[in-house]
Structure formats: structure tokens, C-alpha cells
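# Architecture at a glance
Spelled out from the first residue to the last, the chains are:
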Amino acid sequence: MDSMTVPAITAVNDFVVKFANVNGSGSASANEMFARAIVRMGVPVSPRNIFPSNIQGMPTWYEVRVSEKGWLGRRGGCDLMVALNAQTWDADVAEIEPGGYLFYDSTRPLKGKLREDINVIGVPLTAICTREFTDPNQRRLFKNIMYVGALAGLLDMEFEVVEGLIAQQYRGKTQLIDGNRAAARIGYDHTRTHFAGKIGLKIRRSDAVGDRIVIDGNAAAGLGAVYGGATVAAWYPITPSTSVVEAFTTYCRKYRTCPESGAARYAIVQAEDELASIGMVLGASWNGARAFTATSGPGISLMQEFLGLSYFAEVPSVIIDVQRGGPSTGMPTKTQQSDLLLCAYASHGDTRHVLLFPEDPHECFTMTAQAFDLAERLQTPVFLMTDLDIGMNERLSQPFAWDDARAYDRGKVLTAEDLDAGKSFGRYEDVDGDGIPWRTIPGTHPAKGAFFTRGTSRNAQARYSELGEDYVYNMERLRTKFETAKTLVPPPVAQPALQPTRLGVIHFGSTSPAMAEALDILAADGIYLDALRVRAFPFNAEVEAFVDAHDFVFVVEQNESGQLRTLLVNECEFDPKKLVKVLHYDGSPITARFIAGAISEAMNSPRLRPLIPTKG
């Protein structure tokens, strides 16, 4: 360790570790094991994988936020950098907090820049592996598990926890278990011998994790689709949504396979493109199945024509949009919340679609299941608007629960008995004022019931019509249906400030974990904000009341143009001057520091400064 110009950081169960690796080096599983070991010691973590769209040889990072308080958003900054990529050395060193720590492979002399205000810990990983192992492949792979053991030793972690994870990961493969355990032990013993007491960061066993599980949002959405009754998925692979359907496939093989015959009670089709995939979803949904597709922004762009058909013909459909950086190909492996306007008004003409905004894997599960009920109840497309940060990063989550007595909401579906009883049936007729017509499912009755679906203008009985009054009738009914949706979608979640305030903040989706922490930071500085987490579009009366109750409302989102703010102004007709943009869009997950800093800076403006309470 080098001499310091600032005090070394000391912290227990509250710091950030970041790994700088090379993509394709086999480090991903080792980094994940490090995070899981901390969870098994009862300490909450929030890991994030930062990776390139290239398959091999490019820089990749893995960040682990350790927070016994339970903060799951990115904090910003790094207290311990595990720098194992010479290509990114200078940038990695620059990211370390003053007084922080640099861990590196000291086999070869340092050639990159160093700083006088950080502690340097060099462990000759390559040299040790060369000495201890003869197989070249083992030397390369065991180097990763060795630095996990070395970090466990530095941070006073329980080595038995690491051993248990190794045994679990390589269950049934004795040779791999023994080799990885030996490599981890070597790293652990080395730092315990050479660096005992020389690092101020520690992991202490706690009970702050509770019964929470570790899962990513894409897997949670795939499971939610199963529990939501989906039997059909049609898709085209695209980052970062591919693992949604992969998870759905795994769960279907387990839960939708006939135990007696082995027959699949599901259909999963990889289409030739995204347009074909949404077309298959509409065909399956029209025939009575619960069907969905998973995609990202470029896929939504290609689906526009069929999304308009789903909306105007009133065929249920569920679309899981795992958002990434755009426009065009954009940043395929970076996160954004930049598809809101694309999805809210998808297709040409006057369309409005239902959007759901989950904040974490738990809501990916519950809202995916709910999306199928909403799609059939409203006979319309429903979008689950997740993103790469939620979808592809593992997160501590509340355990999933399901009521087996819960009945699916199929909406207004006429039965054969209804038709035989002579019940009046106009496919596009609003009979009770909610804008939603009755429908039939093909095969319900041998002779009665309308199976024909129109994407053209029609009258209430589904007969082709270009009469202006028929078109206006349908458009006004669709608008009424959208108003009905306001009463059915998940309501917003309010978090009042600790003292009365004329300031508010609206946020949604993956901004939530960082927003929760930012509110604490701001309150400590005397800036109090009432918070409202929006969970769906269309916005209901609670959203309008919240904005009306405050002089100014910050709108925090991860895109360049302020798309949620645009929706609020467009749909609720708020004064744009009342809604203050807080925008983050560099592709990395938003941090509490960024939100607090942006709002603090805005509060110094002449129009907002008078709203800060005077201390004392």
C-alpha cells in the first residue's frame, strides 16, 4: 500500500466494489459469486453488469453496491476498484473515490497512472496461478475465482460462504469443485497473510436481507407470463429482451408440460422478424389464447402496423418492452427509458396504448400477469415498460406470491348460452358506457357469434362503413375505453415528505431505487419533496391531483427529451413551466447522487429558491 494524502475510507457493509474485466474472460460467474456471497452473509447488495454489445475482447465492468440500509440504486463512485483490464486502467483509477482502494494483478510492473489519494493493493494473481496449476486453461479460469477468494480475505468475509457457493455452482463435478475451492483458498490466505488489517472496508454478517430472493426482471417477467395464463409467445431475438422468452420457455417446460404424455401445452415461435412475431400474437389472441411478445425499441418500431390493428380491431395483446439506448441501433447494451412516446402512441392515426411501469423484478412478475387481464378486459395492446437495468441485472426482491383461487379476467366474452338466449351482440357496440364492446371467441358456437375482425372503419355491428358518423362513434368509444383504463391500471404510489412542502417529484420504473435514496440526501440538505411513483399510463386522477397540489414538480426520467413529462403535459394539459425536467441518458443507470445534485442545482434558480424552508 502506498502513502496517502487523504484518510483511507473506512466502512462496514456500506461501500461500492467495481470489477474491470475483459469480455469473454470468464469473469462474469466469479463476480456474481462475490455478490451472492455477501447476500448469504445477510447484507443487501445491488449488482449491475456493464457490458459491451461486442461478444469478445471488449471492456466489461461489474459493480456491486453493498448497503446494509438496503439502498438498491446506484450510488455513484467506487470505493474499491478491482482493475484487471489494462485497456481501461486510467479511467478505472480515475473513478475511485479519494481514500479508496485499487486492487490489481501485480505479476507485472505497473505501467498505468496512479494517484496519491488512493491505496494500492497488488496481488500477483497470474504468477500464483502459474505456480500452482499446470493446465493453461485452469490457470486462466482459476485466476477469476482466486481474486474472489482474495477479496473475501481483504474484506473479512466468511470463507465457508464462498466454499458453499462453489459447491453449489459445480454440483456433481468434484474435480471442478476441488480446483475452484483450492484457487479461492489460495487467494484468501494470501491477502489474510499480506494485507491483514490494511483495508478499511469490511463485511460483517447481518440479517438485513430477510426472506428476499435474488432474481432479474426478465426471468421474473417470464414467470409472470406463465402465472398470467400465457400459452403462446412469438418473438425475434433482440438485446436486452431475449432472456424473457428464454425464461418463459424454461418455466413452460416445467409447468405447461403434460405429466402423463409429455405433450407441450404451449407454443413458442421464433418468428422471422418482429412484425411477424406481433402478427402471430394477434392471431393467437383472436383465437382465445393469452399471447405475448418480448422485444426492445427497434422491435417496437417494426411492429407499428400490427399494433394499430390490435388497437383498432380490438384484439388483446401483451408486449414486453425491455428498453435500451436509442435511437436506431443506439446502445444495445445500455439502459434508458426512451420508448414511452413510441409505445404510448404506437402506429399511425389516433392511438393510445396502456403502459405499465414496474420498478423491480417483483413488479415485473405481478404486472406481467396483470397485463394479460388488462389486455383482455380492455381488448387492446398492453405494454410492460421495463428496461435493461431491471431486466438483465439481478436484484434483491420480495418473494413472489400467487393466489391459486385468482380467476383470470377474460373481459366481456359471450358464451354459447348467451348467444342461444338471443343476447344482443354488436361487435363494436358500447352497451354500458365503458367503451368496451362484447366479443366472442372462435368456436364458441357453431352458427352464432361474429368471428370477423376489422382493421377498417366499421359500424357498431362490424359492417364496413366509411360514414363519418360511424368513424366518429368508434373513435369516441375508444377514447371512452381509455378513460375506463384509468380505473383499472395500477395506481401511483405516494411518499409524502417529512414536512409540508410545495415541491413534488414524479418518477417511475428503474429510477425508483435511486430516487428513494436521493430523497433522503435532499432532506438532509433541507430540501423536502413529496414523491409520486407513477405505475401506469393512462394517468388517473391521483396523478392530476398531485401536480395540482404543488407549485413545481420535478419529473425524473432516463431519456433526453423528457418523455414522461411530455405525456403529462399532453394528456393532463398541465402548464409545462410547472414540470421541471431531471434527465439522465448516458446509458448507465441513474444514481442517487445525480438526482440529488440535479435537483439541488435547480433549487438555486430564482423561481424555486423561495420554496426552500429557512433552517433554524
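Residues numbered from 1 in each chain as written. Predicted model: local features only at pLDDT ≥ 70, side-chain atom pairs only at ≥ 80, totals over all residues. Heavy atoms only, no water.

Once that is clear, we can look at the packing of aromatic side chains. Inspection of every chain in the model, using the stated rule, returns 16 aromatic pairs. Relative to Tyr147, the ring of Phe19 lies with its centre 5.8 Å away and its plane at 35 degrees, an arrangement referred to as tilted. Here Phe19, found in strand β2 (residues 14-22), pairs with Tyr147, found in helix α4 (residues 136-154); they are 128 residues apart in sequence, far enough to count as distant. When sorted by exposure, Phe19 lands in the same class as Tyr147, which is buried. Arranged with centres 4.9 Å apart and planes meeting at 65 degrees, the rings of Phe133 and Phe142 form a pair that is edge-to-face. Residue classification places Phe142 among the buried residues on the basis of a relative accessible area of 6%. Aromatic ring contacts, followed pair by pair, group Phe19, Phe34, Tyr62 and Tyr147 into a single cluster. Positioned above the aromatic ring of Phe159, the side-chain terminus of Arg185 is 4.1 Å from the ring centre. Across from the ring centre of Phe312, 4.2 Å away, lies the NZ or CZ of Arg458, which sits over that ring. (Phe/Tyr/Trp six-rings, centres within 6.5 Å; stacked < 30°, edge-to-face > 60°. Helix = DSSP H or I, 4+ residues; strand = E, 2+ residues; numbered from the N terminus. Buried < 20%, exposed > 50% of the residue type's maximum accessible area, 1.4 Å probe, protein only. Lys NZ or Arg CZ within 6 Å of the ring centre and 35° of its normal.)

The next point concerns the packing of helix α17 (residues 512-524) against helix α20 (residues 592-603). Here α17 crosses α20 at 50 degrees, and the two axes come no closer than 8 Å. Relative to α20, the element α17 lies oblique. Seen from above, α17 lies across α20 with right-handed handedness. Contacts between α17 and α20 pair Ala514, Met515, Glu517, Ala518, Ile521 and Leu522 from the former with Ala592, Ile595, Ala596, Ile599 and Ser600 from the latter. Among the residues forming the contact of α17 with α20, the class breakdown is 9 nonpolar, 1 polar and 1 charged. (Axes fitted to C-alpha atoms, helices over the stretch in contact; angles between N-to-C directions. Parallel < 35°, antiparallel > 145°, perpendicular 65-115°, else oblique. Left-handed = near helix turned anticlockwise from the far one by under 90°. Contact = heavy atoms within 4.5 Å. Nonpolar A, V, L, I, M, F, W, Y, C, P; charged D, E, K, R; others polar.)

All right, on to the sheet that holds strand β11 (residues 267-270) then. Pairing within the open sheet is mixed, and its 7 strands lie in the order β11-β10-β12-β13-β15-β14-β20. A single partner strand is all that each edge strand has here, and the edge strands are β11 and β20 (536-537). Both strand β10 (residues 232-235) and strand β12 (residues 291-295) contribute to a ladder of 2 bridges, which runs parallel. Across the sheet, the residue bridging to Ala233 is Phe292, located in β12. Lying on the sheet, helix α8 (residues 242-255) is in contact with β10, β11, β12 and β13 (317-323); it crosses β12 at an angle near 140 degrees. The strands that helix α13 (residues 361-378) touches are β12, β13, β14 (354-356) and β15 (381-387); relative to β15, the one it contacts most, it runs at about 160 degrees. (Pairing = 2+ DSSP bridges.)

On to the sheet that holds strand β4 (residues 59-67), then. Read across the sheet, 6 strands follow the order β3-β4-β2-β5-β6-β7 without closing on themselves; strand pairing throughout is mixed. Edge positions in the open sheet fall to β3 (45-50) and β7 (119-123), since each of these has one partner strand only. Taking each pair of neighbouring strands and ignoring which way they run, the sheet shows an average axis angle of 15 degrees. Relative to β4, β2 runs antiparallel, the two being bridged by 9 bridges. Note that in β4 the partner of Val22 across the bridge is Pro59. Sheet strands touched by α4: β2, β5 (78-83), β6 (96-105) and β7. Its angle to β6, the strand with the most contacts, is close to 135 degrees.

Another aspect to go through is the pattern of salt bridges. This model, assessed by the stated rule, comprises 39 salt bridges. In this structure, Arg406 and Asp373 form a salt bridge, with 3.4 Å as the shortest nitrogen-oxygen distance. Of this pair, Arg406 sits in the loop between β16 (394-397) and α15 (416-420) while Asp373 sits in helix α13; the two residues are 33 residues apart in sequence, bridging distant segments of the chain. When its relative accessible area of 34% is taken as the criterion, Arg406 is described as partly exposed. In this structure, the salt-bridge partner of Arg377 is Asp409, at a minimum N-O distance of 3.2 Å. Of this pair, Arg377 sits in helix α13 while Asp409 is found in the loop between β16 and α15, placing the two residues 32 residues apart along the sequence. Three or more residues joined by partner-sharing salt bridges are found here, namely Arg290, Asp373, Glu376, Arg406, Arg410 and Arg439. (Salt bridge = Lys/Arg side-chain N within 4 Å of Asp/Glu carboxyl O.)

With that settled, the discussion passes to unusual backbone geometry. Apart from glycine, the bulk of residues carry a negative phi angle, and the bulk of peptide bonds sit in the trans form. The amide bond that connects Thr239 to the next residue, Pro240, takes the cis arrangement and shows omega of 5 degrees. Take Pro240: it is sitting in the loop between β10 and α8. For Asp156, which is not glycine, the phi dihedral falls at a positive 60 degrees. Exposure remark for Asp156: the relative accessible area of 25% places this residue in the partly exposed category. With a phi close to 85 degrees, Ser347 is a non-glycine residue in the positive phi region. With respect to the helices, strands and loops of the structure, Ser347 is situated in the loop between α12 (340-344) and β14. Judged by relative accessible area, which is 10%, Ser347 ranks as buried.

Quick look at the nonpolar core now. Judged by nonpolar contacts, the single largest core of 57 residues is most densely connected at Phe34 and Phe103. Setting aside residues up to four positions removed in sequence, Phe103 forms contacts with Leu80, Met81, Val82, Ala83, Ile121, Val123, Leu125, Tyr147, Ala150, Leu151 and Leu154. Val226, Trp235, Cys252 and Ala375 belong to the second largest nonpolar core, which has 38 residues in total. (Core = buried A, V, L, I, M, F, W, Y, C linked by side-chain atoms within 4.5 Å.)

Further remarks concern the side chain of Ser27. Along the polypeptide, Ser27 turns up in helix α1 (residues 27-40). For Ser27, the residues in contact, after removing those within four places along its chain, are Asn21, Val22, Asn144 and Tyr147.

Structurally, Ile320 is set in strand β13. Considering only alpha carbons, one finds Ile320 and Val382, 62 residues apart in sequence, at a separation of 8.5 Å. Apart from the residues lying within four places of it in its own chain, the contact partners of Ile320 are Ala221, Val244, Phe292, Thr293, Ala294, Thr295, Thr368, Leu384 and Thr386.

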